[in-house]
Amino acid sequence: MRVAVLGAAGRMGATVCAAVEGAADLELVARLDAGDEVAAATLGGADVAVDFTVPSATEANVHALIDAGVHAVVGTTGWTEESRGRVVAHLGRAAAAGAPGLGVLIAPNFGLSAVLAMTFAAKAARYFESAEVIELHHPDKVDAPSGTARHTAAAIAAARADAGVAPSPDATETGWEARGADVDGVRVHAVRLRGLVAHEEILFGNAGEQLVIRQDSFDRVSFMPGVLLGVREVVGRPGLTVGLENVLDLA
Ligand SMILES: NC(=O)c1ccc[n+]([C@@H]2O[C@H](COP(=O)([O-])OP(=O)(O)OC[C@H]3O[C@@H](n4cnc5c(N)ncnc54)[C@H](O)[C@@H]3O)[C@@H](O)[C@H]2O)c1
Ligand SMILES: O=C(O)C1=N[C@H](C(=O)O)CCC1
């Protein structure tokens, strides 16, 4: 399978290029970065493109990949329900125009520990009165809260809503800025600290007990098995898939 990498000069993109080059069944055919056009002419005949760029560029890149007839595996954060909806609509138009079977996989985290932590958190969510998320990252990260934390909080909120659980108790009257971001009613706190890579802690509380689910990504190579799995699987998954948990059958 021929693979292009967008954001190839970045921390994740460079790691993905090395992983693709090290995989016997994959061939790295294009390395694109800021300023390069994303089009059939620059993609080197790629079957799949992997996007680890920036939140402000990733949606346009995915639309350009669909136009070029290339499957997409996206790790870049910053996606919203609206931007994902536009991708679904574009895939629909492409299929109607005779390009069926194109797949786009968007995953806020390709690390197995993070995907499992999110899955376990969604399972635990309904059993606790309180739930909060703390994400901790390197200080060069441009967005907050992390895509992973948003995805985790959204899954917790959906599980609690399904089960009819009341909002987490919170008597705060002043100083709301210290209570983190509100993601679907779940408080999310973002730490930026030199030395960290990517880490998440999900806290659940009941009277007299606490459950803490924690995952740590110490090195970017830990994301590579998930990225390569996504590359191999996306070609057989037409349409939009959100979250590696769906590829791993954990959803
Ligand atoms: N899904 C995951 O498992 C996972 C893991 C790590 C990071 N991320 C996310 O991946 C993204 C990239 O992270 P990073 O640490 O590699 O960032 P980075 O800043 O090191 O790299 C981003 C690269 O994208 C390039 N770029 C900017 N605009 C571009 C464009 N229009 N087209 C092509 N390239 C462009 C930049 O020049 C840079 O080389 C972030 O959104 C981050 O949150 C996701
Ligand atoms: O290094 C980053 O930036 C990361 N971003 C992702 C996120 O925002 O969830 C995943 C982990 C690393």
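Residues numbered from 1 in each chain as written. Chains lettered and ligands numbered in written order. Predicted model: local features only at pLDDT ≥ 70, side-chain atom pairs only at ≥ 80, totals over all residues. Heavy atoms only, no water.

### Thoughts on the site of ligand 1
In step 1: The immediate surroundings of ligand 1 are formed by 21 residues, with R11, M12, D33, T77 and F110 found nearest.
In step 2: Between N109 and ligand 1, the recorded distance is 3.5 Å, taken from a backbone N or O atom to a nitrogen atom.
In step 3: For ligand 1, the protein covers 81% of the area, taking 870 Å² as the surface of the free molecule.
In step 4: Only α1 (11-21) and α2 (55-68) provide two or more residues apiece to the shell around ligand 1. (Near = heavy atom within 4 Å. Polar contact = N/O pair within 3.5 Å; in protein donor to acceptor, adjacent residues only side chain to side chain. Areas by Shrake-Rupley, 256 points an atom, 1.4 Å probe, with all protein chains shown as cover. Helix = DSSP H or I, 4+ residues; strand = E, 2+ residues; numbered from the N terminus.)

### Quick look at the domain arrangement of the chain
In step 1: For the chain, the domain assignment lists domain 1 (2-106 + 221-247) and domain 2 (112-218).
In step 2: Here the C-alpha centroids of domain 1 and domain 2 sit 27 Å apart.
In step 3: Each side of the interface is counted separately: domain 1 has 9 residues, and domain 2 has 11 residues.
In step 4: Summed over both sides, the interface of domain 1 with domain 2 buries roughly 730 Å², with 62% coming from carbon and sulfur.
In step 5: Contact with domain 2 buries area across many residues of domain 1, yet R11, T77 and E245 alone supply 52% of it, more than any other trio.
In step 6: At the surface where domain 1 touches domain 2, the tally comes to 0 salt bridges.
In step 7: Across the contact surface, domain 1 and domain 2 share 2 residue pairs in polar contact (both at pLDDT 80 or more). (Domains from an automatic or database assignment. Contact = heavy atoms within 4.5 Å. Buried area = accessible area lost by both parts, 1.4 Å probe. Salt bridge = Lys/Arg side-chain N within 4 Å of Asp/Glu carboxyl O.)

### As for the UniProt feature "active site" (unreviewed entry) in the chain
In step 1: The sites that carry the UniProt feature "active site" (unreviewed entry) are, in the present numbering, H137 and K141.
In step 2: The residue H137 is located in strand β6 (residues 130-137) in this model.
In step 3: On the basis of relative accessibility, which here comes to 9%, the residue H137 falls in the buried class.
In step 4: Those residues within four positions of H137 in sequence are excluded, and the remaining contacts are S146, V191, R192, L193, L196, V197, A198 and H199. (UniProt positions renumbered as here; feature names shortened; annotations may be inferred. Buried < 20%, exposed > 50% of the residue type's maximum accessible area, 1.4 Å probe, protein only.)

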